[in-house]
Amino acid sequence: MSAALTTSERMPATTAPLKSGRKRRFPLGKSLVSLILIAICALTIFPLVWLILTSLRKQNTIFNGPFIPKHISFQAYPEAWSAINFGRHFANSAGITSATVLGVLVLSTLAGYAFAKLHFPFKNLIYVMLLATLMMPATALIIPLYLELKKLGLLNSQIGLVLLYVSGSAPFSMFLMRAFFETLPDELVQAARLDGAGEFTIFRRVILPLARPGIAVVVIFQFLSTWNEFLYANTVLQNTGSLPLQPVLFTLIGQYQTNWPLLTAGLTMSIVPVILVYVWMQRQFVAGLTLGAVKN
Amino acid sequence: MVPNITLTTGSRVDRVRLARQERRRARSSHRRLHYSEWVAGYTFLLPTVVLFALFVGGPILFAIGLSFTNWGGFGAATFTGSANYARMLHDPVAQRAFVVTILYAVAMTVLQTVIPLVVAVLVDFVWNGLSVVVRTILFIPAIVSFVVSGVLWNLIYDPNMGTLNQMLKAIGLGQLAQPWLSNPATVLPSILVVSLWGALGLNMLIFFAGIQGVDPTLYEAAQVDGASRVQQFFYITIPGLRVITAIVVALNLMNGFKVFDIIYVMTGGGPSHASDVFGTYLYTLAFGSTSGSIPQLGYASAFSVVVMVLCGFAVLFQVGLARRANR
Amino acid sequence: MSSSDKPQRMLAASALGAELSRRTVFKLVGAGAAAAALASCTPAGTSTGGSSGGKTVVRMWSWYVGQKDEFPKVIKAFEAKHPSIKIDNRIFGTPDQYLPALQAAISGGDVPEIFAPHTRALTYGKQGVSADLIKELGSSFLKDFFPATNQEYTLGGKQYAVGYMAQTFGLFYNPDLLAAAGVNGEPETWDDLIAAAAKINATGKATLAFSANPTVSAGDFFLPLITQVSDDPTYFLKLDQLESGFSWDSDVVVKALQLNDKIVKAKVFQPRTTGTSGVQAEQLFYTGGAAMFFSGSWTPQSLVQDAPPEFGKKYKVMKTPAISSGARHWTADQAGAGWSVAAGSKAKDAALEFLKFMYSAEQYSPMMNGSNSMPSTASAAAMIESPIIKLMTSWLPDGCPHIPFGAGSAAGLEPLGKIFDQTESPEKVAKEMQAAVLNARG
């Protein structure tokens with residue numbers, strides 16, 4: 001009998017495995033907890049509901065009409081599409097976000113693995129230095145970054161923005177990938193080394209296939225962060241045509257007046273891709289799977 | 001949480017062979033320098049480090065340098081030594097912001113660690129899992145960007161027509177109704193609620209996974225020994241969550257020290273600096289439309305350096321905790 | 001959520017233990033590479049000032065969303081006449097979205113050719129960022145502008161911006177609610193308003209909806225009181241610059257604070273003014289919760305969007321009450337919105353060309369009328385269509401400053417909230433104002 005548990009016996013939370021040693025019977029507790037959970041869910045979904053409802057009503061019924069609007073009209077959606085050239089900025093966002101996610105994935109898996117499994121001098125020093133990325137407030141760096149981009153001639157370009165995003169986000173993803181790689185046994189690496197594989201081959205053929213959960217994590221949240229980012233995009237890109245979606249949507253929030261139906265219609269449309277990416281990642285998950293077990 | 005994977009090679013013979021190779025290798029490792037490993041290590045890190053140097057390290061150094069000048073945002077900067085830091089010590093707004101920053105960061109950390117943990121425990125001990133639908137719903141506050149949630153919660157907190165006060169009046173607690181965001185006594189708790197709302201679902205999922213990741217055989221053993229559910233919770237679950245909790249605490253602390261978006265969108269630092277933290281104060285000093293019409297980028301940078309130092313402490317704290325947990 | 005919450009979110013996603021098949025990873029890589037290639041194409045016609053493809057590009061940056069439908073028309077007409085000039089108009093949403101981008105561009109030495117200077121107009125002028133428009137546009141061009149809009153942007157004999165949308169403030173009111181409370185006619189003095197407030201409050205409505213949130217916007221109400229007390233519209237201009245002999249704890253300011261205090265004590269405003277945002281105060285007005293609303297001349301435009309149409313036909317506006325019977329109804333009147341021209345840009349001449357074109361009567365007047373805005377030039381003022389705007393424009397001769405342009409002045413308005421909250425005496429607040437201004441100046 002193997003002492004080490006196979007992956008099918010030790011899956012993370014979402015598969016809801018049967019735990020034979022922990023059956024509980026608390027009918028009262030169960031309904032109380034269900035109540036709490038329902039309350040939490042209601043609270044968390046409330047803003048989305050408000051967003052959608054507001055996009056369906058006329059502007060002057062938002063604040064003095066009933067919660068469920070009497071007249072529903074989808075007119076705000078085509079209007080939002082054309083008024084702010086939604087299609088083009090959506091494409092910009094898609095391009096910038098995909099490029100950023102890709103960049104962060106490549107950098108963080110390589111770096112995370114290096115810190116987790118390789119040994120070389122000054123390793124910890126470099127690691128701590130990279131973590132410094134997490135320590136400065138973003139607003140303090142706007143002007144220095146702007147000047148840096150200007151020096152490199154990358155101002156007003158989407159490439160410059162992607163580089164900014166990647167360099168700012170890679171260290172944390174790297175931190176996560178490192179923690180993840182550290183749970184993989186050292187024997188894998190050493191066995192491959194003894195078989196004569198070069199370091200990069202080990203990384204590519206042995207380790208990377210096992211990193212799927214970590215990769216999925218990085219994809220979901222890098223996508224989300226980049227898709228929603230506003231401050232840097234707004235500052236670095238001057239040409240309105242190259243702006244991503246979020247800054248353009250926010251121009252609908254005026255100092256004295258806001259076109260709420262238009263804004264919420266635009267926001268609802270912009271949320272769709274994020275939810276899609278999330279659901280797609282969920283669908284990849286297969287219960288009780290033996291994660292790419294090493295085929296010797 | 002990172003899934004705990006232990007892979008098997010599937011055969012006993014293989015494992016024995018590996019173990020023997022391991023011992024052989026361990027013996028020889030002291031005598032050879034793994035240059036190829038060094039090269040690989042540095043090469044893998046190269047892109048990250050280069051990007052870091054260009055787009056993070058350089059700008060951070062620039063910001064630190066700025067904090068020793070009184071740059072007005074255009075033209076040449078004049079070196080003023082530690083004048084900005086001295087000014088910080090005498091500036092009543094800065095002093096207040098320091099207190100609020102620490103208070104907010106600590107409160108936020110406690111709330112956003114304890115409450116999700118408690119709820120996750122409740123959910124785990126009574127249910128065995130969360131359905132996909134529930135998990136997706138809990139994810140939603142993360143999708144909505146801070147400007148949107150700030151606007152929505154401003155509407156809820158509106159003293160005259162907001163949902164919260166109207167609800168209070170409807171259930172007879174009308175005397176509790178007040179201007180939540182403009183009463184200095186209630187503004188911070190009100191903002192903390194919004195922050196918790198955004199983080200609850202996610203932190204709860206983290207803890208939930210961590211709880212599920214605890215070895216079930218430990219519970220079985222404890223049950224055999226006659227331990228009650230409560231005892232099992234305190235002696236098995238909590239210790240098992242130590243590492244995750246340390247990470248969550250450190251991250252929350254850093255985010256708390258750096259906080260800007262949510263406070264600025266909801267109150268702009270008001271009323272009268274009651275909710276002003278370092279993040280918002282430095283923003284108004286540099287770009288502010290409602291405070292001082294001269295851009296004071298040198299002074300603003302000094303605040304960012306202080307925030308960085310505070311975050312440094314948070315990181316050290318977490319590293320120290322992690323070391324203790326691993327011993 | 002902002003990027004600072006990313007760590008939590010990432011840990012949570014790993015908790016969900018999603019999994020990615022290798023094929024999907026490759027698909028992602030492929031898509032990403034394609035997207036990266038697409039993303040690297042910068043659109044034709046870059047907008048760094050200067051020339052591009054033979055054309056001179058003039059960048060124009062502001063947050064003036066009110067005219068977002070009007071700008072394209074004016075720009076098209078101009079470009080038809082000047083085929084070698086291209087105008088790149090960028091409208092941000094709010095000043096908070098705009099100012100970081102503006103400041104970054106200025107710090108980088110690449111100032112947009114035409115930009116909205118906000119309260120930093122004088123600062124940018126002194127720094128050499130914006131050009132002296134007396135020299136560039138000529139005094140005959142500037143003569144058409146209302147004096148207050150020129151004065152507010154002038155320092156040391158140089159003018160660093162021109163007014164675009166002027167403002168006056170007034171008391172919008174709902175005649176039905178006033179009649180129901182037995183208030184006849186329009187209150188002439190503050191005491192009359194206080195008397196009317198007693199009657200209106202008795203009917204269960206608030207009298208004057210007002211937003212003191214953020215506190216600095218309470219300056220719109222308070223600063224004209226300084227002019228009323230001193231009967232001198234240049235008093236605040238000098239106080240704003242902290243000229244010698246002027247300070248925030250002077251007698252004049254204290255008297256103005258006492259007047260403000262009296263008005264608050266008489267329950268003229270709705271409760272919790274410091275908790276009410278501008279949008280919320282407006283809502284209070286058009287939902288019938290308050291009989292009046294103290295606000296500026298941008299209000300008709302936003303009422304068109306937000307209020308029910310019947311209300312739009314009903315409301316009226318009256319002058320700011322005077323300090324005593326027969327005294328001038330000093331009214332806040334500075335142009336909150338203006339335009340500066342970059343001093344060092346290569347496309348400066350083209351920019352000036354465009355400005356002159358935009359302010360010509362055939363362009364400027366329809367622009368202002370189409371957005372229900374108050375123009376800053378007398379010639380356009382003669383062509384106003386909206387009766388309410390026309391009425392409010394007629395108050396300009398009694399105009400006085402209400403915007404803190406000076407260094408630290410905006411911070412000086414913070415303690416004002418204590419008057420509205422009734423937590424501090426006027427004398428103490430005056431001292432705090434002076435201290436705050438000195439502190440903000442550094």
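Here the structure is a predicted model, which is why all the values come from computation and not from measurement. (Residues numbered from 1 in each chain as written. Chains lettered and ligands numbered in written order. Predicted model: local features only at pLDDT ≥ 70, side-chain atom pairs only at ≥ 80, totals over all residues.)

Draft legend 1. Quick peek at the overall build of chain A. Within chain A, the regular secondary structure consists of twelve helices and zero strands. Put simply, chain A has 296 residues, and 50% of those count as buried. (Helix = DSSP H or I, 4+ residues; strand = E, 2+ residues; numbered from the N terminus. Buried ≥ 20, exposed ≤ 12 C-beta atoms within 10 Å, placed from the backbone.)

Draft legend 2. Inspection of the overall build of chain B at higher detail. The helix and strand inventory of chain B stands at 14 helices and zero strands. Secondary structure elements of chain B occur, N-terminal to C-terminal, as α-α-α-α-α-α-α-α-α-α-α-α-α-α. Burial status across chain B gives 48% buried among its 327 residues. In chain B, the proportion of contacts linking residues at least 24 apart, taken out of those at least 6 apart, comes to 69%. (Contact = placed C-beta atoms within 7 Å.)

Draft legend 3. The arrangement of the environment of B:P159 in detail. Among the structural elements, B:P159 can be located in the loop between α6 (146–157) and α7 (163–170). Residues B:P159 and B:G312, 153 residues apart in the sequence, show an inter-C-alpha distance of 39 Å. Not counting residues within four places of it along the chain, the set of residues in contact with B:P159 comprises B:N165, B:Q178, B:P179, C:R272, C:G275 and C:T276.

Draft legend 4. Structural detail: the domain arrangement of chain B. Each domain of chain B was delimited in the assignment, giving domain 1 (33–64) and domain 2 (93–326). Measuring from the centre of the C-alpha atoms in domain 1 of chain B to the corresponding centre in domain 2 of chain B gives 32 Å. (Domains from an automatic or database assignment.)

Draft legend 5. Main features of helix α13 (residues 278–287) of chain B. Within α13(B), ten of the ten residues are buried, which leaves the element mostly enclosed by the surrounding structure. Listed in full, the buried residues belonging to α13(B) are B:F278, B:G279, B:T280, B:Y281, B:L282, B:Y283, B:T284, B:L285, B:A286 and B:F287.

Draft legend 6. Examining unusual backbone geometry more closely. Residues and elements named next belong to chain C. In this structure, the amide linkage connecting N213 to the following residue, P214, adopts the cis form with an omega of 5°. Within the secondary structure, P214 sits in the loop between β9 (206–209) and α11 (219–230). The residue K267 is not glycine, and still its phi comes out positive at about 60°. Residue class for K267 comes out partly exposed when judged on the 16 C-beta atoms lying within 10 Å of it. Residue Q422 is not a glycine yet carries a positive backbone phi of 60°. In this structure, Q422 sits in the loop between α22 (416–421) and α23 (426–441).

Draft legend 7. Up close: the pairing of strand β7 (residues 162–166) of chain C. Residues and elements named next belong to chain C. The buried fraction of β7 is high, at five of five residues. The sheet contact formed by β7 and strand β13 (residues 337–341) spans three bridges and is antiparallel. Across the sheet, the residue bridging to V162 is W339, located in β13. The pairing of β7 with strand β14 (residues 374–375) spans two bridges and is antiparallel. Bridge assignment links A166 to a residue of β14, and that residue is M374. (Pairing = 2+ DSSP bridges.)

Draft legend 8. Layout of the sheet that holds strand β11 (residues 316–318) of chain C. Residue and element names in this part refer to chain C. Taken together, the four strands give an open sheet; going across it, the order is β9-β10-β8-β11, and neighbouring strands pair in mixed fashion. With partners counted over all chains shown, the strands left at the sheet margins are β9 and β11, one partner each. If you compare each strand with its neighbour and ignore which way they point, the axes differ by 25° on average. With five bridges connecting them, strand β8 (residues 169–173) and strand β10 (residues 290–296) associate as antiparallel partners. Bridged to Y173 within β10 is M292. Where helix α14 (residues 278–286) meets the sheet, its contacts fall on β8, β9 and β10, and the angle it forms with β10 comes to roughly 140°. (Axes fitted to C-alpha atoms, helices over the stretch in contact; angles between N-to-C directions.)

Draft legend 9. Quick look at α11(C). Residues and elements named next belong to chain C. Between its first and last C-alpha, α11 extends 16 Å over twelve residues, near the 16 Å set by a 1.5 Å rise per residue. Most of α11 is tucked away: twelve of the twelve residues are buried. Among the residues making up α11, those that are buried are G219, D220, F221, F222, L223, P224, L225, I226, T227, Q228, V229 and S230. One or two positions beyond α11, positive phi appears at D231, with a value near 55°. (Expected span 1.5 Å × (residues − 1).)

Draft legend 10. Just the packing of helix α6 (residues 158–182) of chain A against helix α2 (residues 35–66) of chain B, in detail. At a minimum axis distance of 9 Å, the contact between α6(A) and α2(B) shows a crossing angle of 125°. Judged by the angle between their axes, α6(A) and α2(B) are oblique. Handedness of the crossing formed by α6(A) with α2(B): left-handed. From α6(A), A:L163, A:L164, A:V166, A:S167, A:G168, A:A170 and A:M174 reach across to α2(B), where they touch B:T48, B:L51, B:F52, B:L54, B:F55 and B:V56. Taken together, the residues of the contact of α6(A) with α2(B) sort by class into ten nonpolar, three polar and no charged. (Parallel < 35°, antiparallel > 145°, perpendicular 65-115°, else oblique. Left-handed = near helix turned anticlockwise from the far one by under 90°. Nonpolar A, V, L, I, M, F, W, Y, C, P; charged D, E, K, R; others polar.)

Draft legend 11. Just the confidence of the model for chain B, in detail. All names here are of chain B. Mean pLDDT over chain B: 82, with 86% of residues reaching 70 or higher. Per-element confidence in chain B is highest for helix α3 (residues 83–90), whose mean pLDDT is 92, and lowest for helix α1 (residues 12–29), whose mean pLDDT is 64. With pLDDT under 50 throughout, residues 1–9 is counted as low confidence; its partners more than four residues away or in other chains account for 35 contacts. The complex prediction reports pTM at 0.83, with the ipTM value standing at 0.80. (pLDDT = per-residue confidence, 0-100.)

Draft legend 12. Structural view of the nonpolar core. Core analysis: the biggest nonpolar cluster contains 300 residues, and C:V58 and C:A209 have the highest contact counts within it. Counting residues per element, this core draws most heavily on α6(A), which supplies 14 residues. Apart from the residues within four sequence positions on either side, C:A209 is in contact with C:Q270, C:A281, C:L284, C:F285, C:A290, C:M292 and C:F293. (Core = buried A, V, L, I, M, F, W, Y, C linked by C-beta atoms within 7 Å.)

Draft legend 13. How the structure looks around the pairing of strand β3 (residues 85–91) of chain C. Residues and elements named next belong to chain C. Pairing of strand β2 (residues 55–62) with β3, which is carried by seven bridges, proceeds in the parallel orientation. When the bridges of β3 are listed, V58 appears paired with I87. Taken together, β2, helix α3 (residues 70–81) and β3 constitute a β-α-β crossover, and its handedness is right-handed. (Right-handed = clockwise from strand over helix to strand, strands pointing away.)

Draft legend 14. Main features of the environment of A:L37. With respect to the helices and strands, the residue A:L37 is situated in helix α1 (residues 27–55). A tally of 20 C-beta atoms within 10 Å means that A:L37 is categorised as buried. Aside from chain neighbours lying at most four places away, what touches A:L37 is B:V123 and B:V134.

Draft legend 15. Looking closely at the environment of A:I84. All names here are of chain A. Along the chain, I84 falls in the loop between α2 (76–83) and α3 (86–117). Since 19 C-beta atoms lie within 10 Å of it, I84 is described here as partly exposed. Discounting residues that sit within four places of it in the chain, I84 has contacts with H89, V248 and G266.

Draft legend 16. Region of interest: the confidence of the model for chain A. All names here are of chain A. Taken over all residues, the pLDDT of chain A has a mean of 79, while the share at 70 or more is 82%. Per-element confidence in chain A ranges from a low mean pLDDT of 81 for α1 to a high of 93 for α3. Taken together, the stretch residues 1–23 has pLDDT below 50 and engages in 43 contacts with residues farther than four places along the chain or on a different chain. This model gives residues 285–296 a pLDDT under 50, and the stretch forms 23 contacts once residues within four places in sequence are excluded.

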